[in-house]
Amino acid sequence: MRFLSSHTLVTGSSDKSLSVWDISFSQPKNITNFNMHTDVVRCCDKLKDGTVISGGDDTYLYIWSPSNGTVLNSKQYSHSISVLCIKILSDGRIVTGGADNQIKIWPPTLGSESMTLGGHSQKILVLEQLSNGYLISGSTDNNTI
């Protein structure tokens, strides 16, 4: 789940879809659905231009429009197995963590992989950027790098 604005959010699901919701109503209203993933959706984040990036067990990363669900870019086999977390850095680069124990840093448009980071011995579950610009990761190996 990721807030897109103060009144909209996007959620991923085990049914392979993502939904954009308007939560300004007493009952949330579904605005858009994205149905390109072929397996469980594990993570999503909002890029600086307002588009959404999502990842999951199908190893795909998709950049798509939350207003109409149109795919703008994609990357197959972004990780060798599930993409478990995504973080957009302050400079716009995309960071992904996977069940393959790797962290990958991508350009904002999902061009060629720019960097792969190791260090964890088990799957990466969380990525955050600290105020000093450093990236911190958490893994099921109980280490924070």
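Here we summarise the structure given alongside this text. In this text, all values refer to a predicted model and were calculated from it rather than measured experimentally.

To continue, consider the sheet that holds strand S6 (residues 52–56). If you trace the 4 strands from one edge of the open sheet to the other, you get S5-S6-S7-S8, paired in antiparallel fashion. Strands with a single pairing partner mark the edges of an open sheet, and in this sheet they are strand S5 (41–46) and strand S8 (71–75). Shown here is a sheet whose adjacent strand axes are inclined to one another by a mean of 20°, direction ignored. Relative to strand S7 (residues 61–64), S6 runs antiparallel, the two sharing 4 bridges. Following the sheet pairing, Ser54 is matched in S7 by Tyr62.

This part covers the state of the cysteines. All told, the structure shown has 0 disulfides when counted by the stated rule. Distance from the sulfur of Cys43, which forms no disulfide, to the nearest cysteine sulfur (Cys85) is 6.4 Å. Residue classification places Cys43 among the buried residues on the basis of a relative accessible area of 9%.

Bringing the nonpolar core into the picture now. Counting 11 residues, the largest nonpolar core is built from Cys43, Leu47, Ile53, Leu61, Ile63, Val83, Ile86, Ile88, Ile94, Trp106 and Leu110. Top element by residues in this core is strand S9 (residues 83–88). It accounts for 3 residues. Leave out the neighbours within four places in its chain, and Leu61 touches Ile53, Ser54, Gly55, Asn73, Ser74, Lys75, Ser78, Val83, Ile86, Thr96, Trp106 and Leu110. Leu4, Phe34, Val41 and Trp64 belong to the second-largest nonpolar core, a separate cluster that totals 10 residues.

Conventions used here
Residues numbered from 1 in each chain as written. Predicted model: local features only at pLDDT ≥ 70, side-chain atom pairs only at ≥ 80, totals over all residues. Heavy atoms only, no water. Pairing = 2+ DSSP bridges. Helix = DSSP H or I, 4+ residues; strand = E, 2+ residues; numbered from the N terminus. Axes fitted to C-alpha atoms, helices over the stretch in contact; angles between N-to-C directions. Disulfide = S-S within 2.5 Å. Buried < 20%, exposed > 50% of the residue type's maximum accessible area, 1.4 Å probe, protein only. Core = buried A, V, L, I, M, F, W, Y, C linked by side-chain atoms within 4.5 Å. Contact = heavy atoms within 4.5 Å.

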